[in-house]
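# Results of the structural survey
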Amino acid sequence: MSKERVPVVEQILSANDQIAMLNRQRLNAAGVFSINLMASPGAGKTSFILRTIEGLKNSLRLGVVEGDTAPVTIDSDQILAAGMPAVQINTGGDCHLDAVMFKEGLDQLPLNDLDLVIVENVGNLVCPASFKLGTHLNVLVASIPEGDDKPYKYPAMYRGVDVLVINKMDLLPYIPFKMGYFLQGVQILNPGITSFPVSCITGEGISDWCHWLIAQRNQFIGHED
Amino acid sequence: MHELSVTENILAICEKHAKENGASKVTDIYLTIGQLSSIVDDSVQFYWDIISQDTLCVGARLHFQRVPAKLKCNQCGHEFTLKGELTLCPQCGSVRIDILSGEEFFVESILIEKEEAV
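None of these values were measured; they are calculated from a predicted model. (Residues numbered from 1 in each chain as written. Chains lettered and ligands numbered in written order. Predicted model: local features only at pLDDT ≥ 70, side-chain atom pairs only at ≥ 80, totals over all residues. Heavy atoms only, no water.)

Residues and elements named next belong to chain A. Reported here for the largest pocket is a volume of approximately 960 Å³. In this structure, the largest pocket is lined by 37 residues; those nearest its centre are Ala129, Ser130, Phe131, Lys132 and Ala156. When contributions to the lining of the largest pocket are tallied by element, the ones reaching two or more residues are helix H1 (14-30), strand E2 (33-38) and helix H6 (155-159). In terms of residue class, the lining of the largest pocket is built from 18 nonpolar, twelve polar and seven charged. (1 Å grid on protein atoms, 1.4 Å probe; cavity = no way out; pocket = protein on both sides within 12 Å on 5 of 7 lines; lining within 4 Å. Points joined across faces, edges and corners; volume = space filled by probe spheres on them. Helix = DSSP H or I, 4+ residues; strand = E, 2+ residues; numbered from the N terminus. Nonpolar A, V, L, I, M, F, W, Y, C, P; charged D, E, K, R; others polar.)

If you want it as structure tokens, here you go:
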């Protein structure tokens, strides 16, 4: 009997990352841009998607992948009612979507007839940050009632996203939310990140977001990576 | 939390490397986890004891090597270790801070036993 130390140095989530890469390649081959929306429960992800659909429906063909921990179709029903293809993925209690689940979602969407796929991740500021899906952009939807301390409490999430949406701006006058303190935490974790203050109730900021998203998608079509 | 899927991934990585190296048993597993990576050690150990049954890794000890979060100010160059909440640079008050370490999340090495060839 002999003992031996074997060096490994392998990322714990490397299997997920590899499938995420395959998802990305598949999306690129189909010319479909995709974004992964992450947020805490109740931040307004579904409302934000519905507003985005409204803003983009004359410019882009959209599909939506909805992740939820319970077998409900509340979210996907709303998307279907808005006239867009939607797939509901039940994570079976898991706190996040992973690359395999996203692949299953993509299997059910008519990718060749789409320009943009929006993923609504499970409402959670911890776990989705660790699991890449293969989307082109990670988007965090923060909201005013959650409080201004969230960047400090969920650093991995705020650090790992490409764009920040600050939802429910219409509630700012009624809630002791210190925007300076919030943005300071965001800047430490993710310097220079693009952000969009919006309200899904009043529509504030939605057209800026939609224009930006169309520009991102056009850039992707011009130069796929 | 996602400790079950994390633990399953750790097991798959360890089994793969154990088999590649002709192990008869894995006795110790060394994980490197940054302070900013969210994982609960006790919870991983709990799942580990259940899912490692009937594998080369059954009974292996998990060692969590925690890496402190080290930050560096981009403005004045001051380096400091994070204690508690993220802060501005304690020296000059800048928000322009780089995270040097603390985001690690990998299997560093395993200790295996091999039967001697007769």
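Once that is clear, we can look at the pattern of salt bridges. All names here are of chain A. Counting across every chain of the model gives 16 salt bridges over all chains. Among the salt bridges present, the one from arginine 51 reaches glutamate 54, with a minimum N-O distance of 3.3 Å. One end of the pair is arginine 51 and the other is glutamate 54, both in helix H2 (residues 45-56) and three residues apart, which spans about a single turn. With its nearest N and O atoms 3.2 Å apart, the salt bridge here joins lysine 153 to aspartate 149. (Salt bridge = Lys/Arg side-chain N within 4 Å of Asp/Glu carboxyl O.)

Right, let's get into the interface of chain B and chain A. For an interface, size is often stated in terms of accessible area lost upon the parts coming together. On the chain A side, the residues contacting the 36 residues of chain B number 30 residues. Where chain B abuts chain A, roughly 3200 Å² becomes buried across the two surfaces, and 59% of that area is made up of carbon and sulfur atoms. The interface formed by chain B and chain A contains four salt bridges. Of the charged contacts, one joins Lys16(B) and Glu10(A) as a salt bridge, the two residues approaching to 3.0 Å between their closest N and O atoms. Our count for the chain B to chain A interface comes out at 14 residue pairs in polar contact (both at pLDDT 80 or more). Residue assignment for the side of chain B that touches chain A shows that the elements contributing at least two residues are helix H1 (3-20), strand E1 (25-34), strand E5 (97-101) and strand E6 (105-114) of chain B. Counting residues per element, the side of chain B that touches chain A draws most heavily on E6(B), which supplies ten residues. By residue class, the composition of the side of chain B that touches chain A is 19 nonpolar, nine polar and eight charged. Across eight bridges, strand E1 (residues 2-11) of chain A lies against E6(B) in antiparallel orientation. Residue Pro7(A) lies in a different strand from E6(B), and its bridge partner there is Ser109(B). (Contact = heavy atoms within 4.5 Å. Buried area = accessible area lost by both parts, 1.4 Å probe. Polar contact = N/O pair within 3.5 Å; in protein donor to acceptor, adjacent residues only side chain to side chain. Pairing = 2+ DSSP bridges.)

The next subject is the packing of H2(A) against helix H3 (residues 74-81) of chain A. Residue and element names in this part refer to chain A. Axis separation between H2 and H3 bottoms out at 10 Å; the angle between their running directions is 15°. By the angle class used here, H2 and H3 are roughly parallel. The two elements H2 and H3 cross, and the hand of that crossing is right-handed. On H3, the residues touching Thr46, Ile49, Leu50 and Ile53 of H2 are Asp75, Gln78 and Ile79. Of the residues that constitute the contact of H2 with H3, the class distribution is four nonpolar, two polar and one charged. (Axes fitted to C-alpha atoms, helices over the stretch in contact; angles between N-to-C directions. Parallel < 35°, antiparallel > 145°, perpendicular 65-115°, else oblique. Left-handed = near helix turned anticlockwise from the far one by under 90°.)

This paragraph deals with the packing of H2(A) against helix H8 (residues 206-222) of chain A. Residue and element names in this part refer to chain A. Contact geometry of H2 with H8 gives a least axis separation of 10 Å together with a crossing angle of 70°. Here H2 lies roughly perpendicular to H8, going by the angle between them. As H2 runs across H8, the sense of the crossing is right-handed. Packed against H2, whose contacting residues are Phe48, Arg51, Thr52, Gly55 and Leu56, the element H8 presents Ile206, Trp209, Cys210, Leu213 and Ile214 at the interface. Class assignment for the residues of the contact of H2 with H8 results in seven nonpolar, two polar and one charged.

The next subject is the UniProt feature "binding site: Zn(2+)" (unreviewed entry) in chain B. Residue and element names in this part refer to chain B. Residues given the UniProt feature "binding site: Zn(2+)" (unreviewed entry) here are Cys73, Cys76, Cys89 and Cys92. A maximum C-alpha distance of 8.6 Å among these annotated residues, which run over 20 residues, shows that they cluster at one spot. As for its placement among the helices and strands, cysteine 73 is situated in strand E3 (residues 70-73). Beyond its immediate chain neighbours, meaning those up to four positions away, cysteine 73 contacts His78, Cys89, Cys92, Ser94, Arg96 and Ile97. Residue position: cysteine 89 is located in the loop between strand E4 (79-81) and E5. (UniProt positions renumbered as here; feature names shortened; annotations may be inferred.)

Our focus in this paragraph is unusual backbone geometry. Even without a glycine there, the phi angle at Lys168(A) is positive, about 65°. Residue Asp54(B) is not a glycine yet carries a positive backbone phi of 60°. Locating Asp54(B) in the fold gives a position in the loop between helix H2 (41-51) and strand E2 (61-67).

All names here are of chain A. An order of E4-E3-E5-E2-E6-E7-E8 is seen for the seven strands of this open sheet, with the pairing classed as parallel. The open sheet is flanked by strand E4 (86-90) and strand E8 (194-197), the only strands paired with a single partner. Along the sheet, successive strands turn relative to each other by an average axial angle of 20°, direction set aside. For E2 and strand E5 (residues 116-120), the ladder comprises five bridges, and the chain directions are parallel. Residue pairing in the sheet places leucine 37 in a bridge with glutamate 120 of E5. Here H2 sits on the sheet in contact with E2, strand E3 (62-68), E5, strand E6 (137-143) and strand E7 (163-167), set at roughly 165° to E5. Strand contacts of helix H7 (residues 179-189): E6 and E7, with the helix running at about 160° to E7, the strand carrying the most contacts.

Attention now moves to the environment of Asp28(B). All names here are of chain B. Its place among the elements puts aspartate 28 in strand E1. Leave out the neighbours within four places in its chain, and aspartate 28 touches Ala60, Arg61, His63, Ser109, Ile110 and Leu111. Looking at aspartate 28, its side chain comes within polar contact range of the side chain of arginine 61, at 3.1 Å.

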